[in-house]
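Chains, contacts and geometry: an overview
Single-letter residue listing:
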Amino acid sequence: MNPQESSPFFSRNPPPTPDNPLSFNGRFGRLSFIGWYTFFHIVMFFVGFGLTLFTGVINLTSLNVDSQLLQTFASATGLSYTLLLLVYLYFSMVLISRRLHDLNKSGWWMLWLFVPVLNVLFILYLLLAAGNTNPNQYGWPRPSAVWEKILAWLMIILTVLSILATGSLVSFMMGSGQIETPQEVIQKGTAYF
């Protein structure tokens, strides 16, 4: 018997297959998932903002919102926003499905996003759970590109900083009396009984 046939150490790796990050096939690790999600949201923000300016829903010179907003969304502009929403939903499903594939789960697990309270736990699971390091039924692990890692770490740092800044602002406002503490809200709310 040939030692190359019996030992996995001597076995050959399968030839690399081209990976299309915008298809349902394949896997995304944590950093790739966060990086692509950040990139996708930045692109969608600028496309949505450009569409809003192009259609005249918002006028930057007067900073006014179109008074005929309801009629605007019922017209061709509304159709373009609907198309933008469908593109957003499709690519969100692609990213979540690929992340689930890295966890060796079916893409149908994304239906947990429709269950209140559990959807928050599901998102934390997607962000924090370690993927399989070995090949699974969805393919080989996909290495994260450098730009994906940079965007992912930038998003993680900005998220932590925004949480700290929000906590500091709320603490300052409670201390200065600009907003009431939870104890004051309870005392004022129960004073009527």
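Residues numbered from 1 in each chain as written. Predicted model: local features only at pLDDT ≥ 70, side-chain atom pairs only at ≥ 80, totals over all residues. Heavy atoms only, no water.

As for unusual backbone geometry
Of note in this structure, Asn104 is not a glycine but carries a positive phi near 60°. At Val117, a position not held by glycine, the phi torsion is positive, near 70°. The topology assignment puts Val117 in the loop between α4 (76-102) and α5 (118-128). Here Val117 falls in the exposed class, since its relative accessible area comes to 63%. (Helix = DSSP H or I, 4+ residues; strand = E, 2+ residues; numbered from the N terminus. Buried < 20%, exposed > 50% of the residue type's maximum accessible area, 1.4 Å probe, protein only.)

Topic: the nonpolar core
One finds Phe28, Phe33, Leu95, Ile96, Leu100, Phe122 and Leu126 to be the most contacted residues of the largest nonpolar core, which totals 18 residues. In terms of residue count, helix α2 (residues 30-55) provides more of this core than any other element does, six residues in total. Ignoring anything within four residues of it in the chain, the contact list for Phe28 reads Pro21, Phe33, Trp36, Leu95, Arg98, Arg99, Asp102 and Arg142. (Core = buried A, V, L, I, M, F, W, Y, C linked by side-chain atoms within 4.5 Å. Contact = heavy atoms within 4.5 Å.)

Considerations on the side chain of Arg98
Mapped onto the elements, Arg98 comes out in helix α4. Look at Arg98 and you get buried, because its relative accessible area is 0%. Arg98 has contacts with Asp19, Asn20, Pro21, Ser23, Phe24, Asn25, Gly26, Arg27, Phe28 and Arg142, leaving out every residue within four places of it along the chain.

Thoughts on the environment of Glu180
For Glu180, the position within the fold is in the loop between α6 (146-176) and α7 (182-190). Take Glu180: its relative accessible area is 36%, and that puts it in the partly exposed class. For the pair Glu180 and Val170, spaced 10 residues apart in sequence, the C-alpha separation works out to 9.9 Å. Ignoring any residue separated from it by four or fewer positions in sequence, one finds Glu180 in contact with Met174, Val185 and Lys188.

Looking at the side chain of Ser97
Within the secondary structure layout, Ser97 lies in helix α4. Apart from residues no more than four positions distant in its own chain, Ser97 is found in contact with Phe24, Gly107 and Met110.

Side note on the packing of aromatic side chains
Following the criterion strictly, the structure yields 11 aromatic pairs and no others. Centre to centre, the rings of Phe39 and Trp147 are 5.6 Å apart; their planes meet at 70°, and the pair counts as edge-to-face. Of this pair, Phe39 sits in helix α2 while Trp147 sits in helix α6; the two residues are 108 residues apart in sequence, bridging distant segments of the chain. Classification of Trp147 by relative accessible area gives partly exposed; the value is 37%. Ring centres 6.1 Å apart and planes at 10° place the aromatic pair Phe45 and Phe49 in the stacked group. Taken together, the positions of Phe45 and Phe49, both in helix α2 and four residues apart, correspond to about one turn of that helix. Look at Phe49 and you get partly exposed, because its relative accessible area is 35%. Feature note: the residues Phe24, Phe40, Tyr88, Tyr90 and Phe91 constitute an aromatic cluster, connected by ring pairs. Over the aromatic face of Phe28 sits the side chain of Arg98, whose NZ or CZ is 4.3 Å from the ring centroid. (Phe/Tyr/Trp six-rings, centres within 6.5 Å; stacked < 30°, edge-to-face > 60°. Lys NZ or Arg CZ within 6 Å of the ring centre and 35° of its normal.)

Some thoughts on the pattern of salt bridges
Applying the stated criterion to the full structure yields three salt bridges. Arg27 is paired through a salt bridge with Asp102; the nearest N and O atoms lie 2.9 Å apart. Here the residue Arg27 occupies a position in the loop between α1 (3-6) and α2, and Asp102 occupies one in helix α4, the gap between them amounting to 75 residues. Both residues of the pair, Arg27 and Asp102, belong to the buried class. Note that Arg99 is salt-bridged to Asp102, the shortest N-O span being 2.9 Å. Taken together, the positions of Arg99 and Asp102, both in helix α4 and three residues apart, correspond to about one turn of that helix. For Arg99, a relative accessible area of 0% gives the class buried. Of the residues examined, Asp102 reaches a relative accessible area of 6% and is grouped as buried. The network of salt bridges with shared partners includes Arg27, Arg99 and Asp102. (Salt bridge = Lys/Arg side-chain N within 4 Å of Asp/Glu carboxyl O.)

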